[in-house]
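Each chain, written out:
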Amino acid sequence: MAEPDPVVEAVFDAVAATAPTIRDALPGRRVESGTENPSGETVLAGDVYADELLAEALGAVEGVGSFVSEERPEAIEVGGAVGEGGEGAYAVAIDPLDGSSNLRSNNAMGTVVGIYDAPLPATGRDLVAAGYVLYGPITTMVVADGSGVREEVIERGNGGDGDADSGVARSVVDDDLTLPDEPTVYGFGGRVPDWPDAFREYAREIEDEFKLRYGGAMVGDVNQVVTYGGVFAYPALSDAPDGKLRLSFEANPIAYIVESMGGASSDGSKSILDVEPDGIHDRVPLHVGNEELVDRLESALDG
Ligand SMILES: O=P(O)(O)OC[C@H]1O[C@](O)(COP(=O)(O)O)[C@@H](O)[C@@H]1O
Ligand SMILES: [Mg+2]
Ligand SMILES: [Mg+2]
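Fair warning: this is a prediction, and the values are worked out from it, not measured in the lab.

Caption draft 1: Highlighting the coordination of the magnesium ion (ligand 2). Coordination of the magnesium ion (ligand 2) by the protein involves Asp 95 (OD), Asp 98 (OD) and Glu 250 (OE), with metal-donor separations of 1.8 to 2.1 Å. All donors of the magnesium ion (ligand 2) belong to a single chain; written as a sequence motif, their spacing is D-x2-D-x151-E. The magnesium ion (ligand 3) is placed at 3.8 Å from the magnesium ion (ligand 2), the two being bridged by Asp 95. On the criterion of sequence distance, the pair formed by Asp 98 in strand E5 (residues 90-98) and Glu 250 in helix H6 (residues 247-260) is long-range, its members being 152 residues apart. Comparing Asp 98 with Glu 250 shows no difference in burial state: the two are buried.

This is how it looks when you write it as structure tokens:
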């Protein structure tokens with residue numbers, strides 16, 4: 001098995017270290033911040049807090065050369081080069097708080113992380129690792145690092161007093177996550193009348209076969225598929241042919257994780273990891289899950 005990449009490990013150490021602090025900060029940050037992000041969406045106080053905390057934590061990791069998030073117009077150089085001139089340093093792209101509209105209704109949210117071995121925008125083939133934190137009833141972190149996919153439970157360390165420096169306790173609960181062979185759940189975003197006809201027909205078949213699990217946070221909804229097997233999609237919409245989710249911050253990391261678990265991803269015709277980006281805030285239709293269900297989706301959209 002390949003040796004763990006120390007920079008990748010350090011990035012996920014930093015993400016794990018911030019997770020309890022982000023979680024604790026959410027109750028007072030359910031309100032709008034008064035700004036919009038580069039995708040034209042309302043930014044909540046929780047989005048701003050998570051973005052700033054993670055920028056500081058990830059920017060301090062040696063071997064991380066640049067940092068960008070869906071809340072920032074462009075990447076910032078953070079100077080963690082491993083070679084002279086910056087070569088060898090990774091570019092880290094994050095969705096600091098995924099599903100943040102769930103802050104109001106107090107439902108699941110997450111943080112998504114992609115570590116690219118190329119300046120952004122890059123394709124998902126340039127990812128060396130990806131992961132997500134799920135702020136559910138339990139805080140968990142799923143990491144795909146090229147050698148496998150693991151799930152950890154993250155809790156405050158023994159000094160747990162709400163202090164960011166008090167440390168975290170991490171326990172690996174599964175060190176070889178794979179998609180279950182017998183899928184049981186699905187979750188599709190967007191309004192049914194806005195779906196393309198071919199997707200609507202595919203969805204009709206899927207909803208006859210499986211149980212609906214949709215909560216409005218990609219990380220939470222994908223984690224249902226990761227746990228029970230099935231298919232998640234935020235498809236192309238009639239007024240938004242590229243769908244809603246962002247390639248660099250959301251779709252690529254999730255596709256990398258699901259493919260690493262033996263599943264498949266698609267933009268409708270090919271793996272998400274093969275989508276060539278024009279810009280850092282590009283959106284893409286995202287479909288991920290058990291290979292058989294993603295193959296059926298591609299056939300349905302092709303027909
Ligand atoms: O509200 P909708 O249309 O169901 O959209 C839900 C989707 O939007 C998102 O909330 C977008 O993520 P952000 O909260 O990071 O902008 C996804 O997590 C989720 O899959
Ligand atoms: Mg998101
Ligand atoms: Mg977000």
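Caption draft 2: Just the sheet that holds strand E7 (residues 127-135), in detail. The sheet built from eight strands is open, its strands ordered E4-E3-E5-E6-E7-E8-E9-E10 with mixed pairing. On the outer flanks of this sheet lie strand E4 (76-77) and strand E10 (168-174), each paired with one strand and no other. Pairing geometry for strand E9 (residues 149-156) and E10, over six bridges, is antiparallel. The residue bridging Glu 151 from the neighbouring strand is Asp 174, located in E10. On the sheet, helix H5 (residues 218-228) packs against E5, strand E6 (109-116), E7 and strand E8 (139-144) and is oriented at approximately 100° with respect to E7. Most of the contacts of H6 go to E7, to which it runs at about 100°, and overall it touches strand E3 (64-69), E5, E6, E7, E8 and E9.

Caption draft 3: Representation of the site of ligand 1 in the model. In the vicinity of ligand 1, 16 residues are found, and the nearest of them are Asp 98, Gly 99, Tyr 214, Met 218 and Tyr 234. Within the side chain of Asp 95, one N or O atom sits 3.0 Å away from an oxygen atom of ligand 1. In isolation ligand 1 has 470 Å² of accessible area, and contact with the protein removes 83% of it. Counting residues per element, the shell around ligand 1 draws most heavily on E5, which supplies three residues. Within the shell around ligand 1, the residues separate by chemical class into six nonpolar, three polar and seven charged. When residues are assigned to domains, the shell around ligand 1 turns out to be shared by domain 1 (6-174) and domain 2 (185-302), each giving three or more.

Caption draft 4: Local environment of the coordination of the magnesium ion (ligand 3). Coordination of the magnesium ion (ligand 3) by the protein is provided by Glu 70 (OE), Asp 95 (OD) and Leu 97 (O), with metal-donor distances spanning 2.0 to 2.2 Å. Donor residues binding the magnesium ion (ligand 3) come from one chain and are separated in sequence as E-x24-D-x1-L.

Caption draft 5: Expanded view of the packing of aromatic side chains. This structure, assessed with the given rule, holds six aromatic pairs. Their ring planes at 85° and their centres at 5.0 Å tell us that Trp 195 and Phe 199 sit as a pair that is edge-to-face. Pair check on accessibility: Trp 195 and Phe 199 agree, each one buried. An aromatic cluster is present here, built from Tyr 186, Phe 188, Trp 195, Phe 199 and Tyr 202 joined pairwise through their rings.

Caption draft 6: A look at the nonpolar core. Within the largest apolar cluster, 55 residues are counted, with the highest numbers of intra-cluster contacts made by Phe 188, Ile 254, Ile 257 and Leu 286. When residues of this core are assigned to their parent elements, the largest contribution, eight residues, is made by H6. There are two domains that each give this core at least three residues, and those are domain 1 (6-174) and domain 2 (185-302). In contact with Ile 254, other than residues within four places in its own chain, are Tyr 132, Met 218, Val 222, Leu 286 and Val 288. Counting residues in hydrophobic clusters, the runner-up holds 32 residues, among them Val 7, Val 61, Val 92 and Met 141.

Caption draft 7: Summary view of unusual backbone geometry. The peptide bond linking Leu 120 to Pro 121 adopts the cis configuration, its omega dihedral lying at 5°. With respect to the helices and strands, Pro 121 occurs in the loop between E6 and E7. Even without being glycine, Asn 106 reaches a positive phi, approximately 55°. Mapped onto the fold, Asn 106 is located in the loop between helix H3 (102-105) and E6.

What counts as what
Residues numbered from 1 in each chain as written. Chains lettered and ligands numbered in written order. Predicted model: local features only at pLDDT ≥ 70, side-chain atom pairs only at ≥ 80, totals over all residues. Heavy atoms only, no water. Donors = N, O, S within 2.8 Å, 3.2 Å for Na, K, Ca; no water. Helix = DSSP H or I, 4+ residues; strand = E, 2+ residues; numbered from the N terminus. Buried < 20%, exposed > 50% of the residue type's maximum accessible area, 1.4 Å probe, protein only. Pairing = 2+ DSSP bridges. Contact = heavy atoms within 4.5 Å. Axes fitted to C-alpha atoms, helices over the stretch in contact; angles between N-to-C directions. Near = heavy atom within 4 Å. Polar contact = N/O pair within 3.5 Å; in protein donor to acceptor, adjacent residues only side chain to side chain. Areas by Shrake-Rupley, 256 points an atom, 1.4 Å probe, with all protein chains shown as cover. Nonpolar A, V, L, I, M, F, W, Y, C, P; charged D, E, K, R; others polar. Domains from an automatic or database assignment. Phe/Tyr/Trp six-rings, centres within 6.5 Å; stacked < 30°, edge-to-face > 60°. Core = buried A, V, L, I, M, F, W, Y, C linked by side-chain atoms within 4.5 Å.

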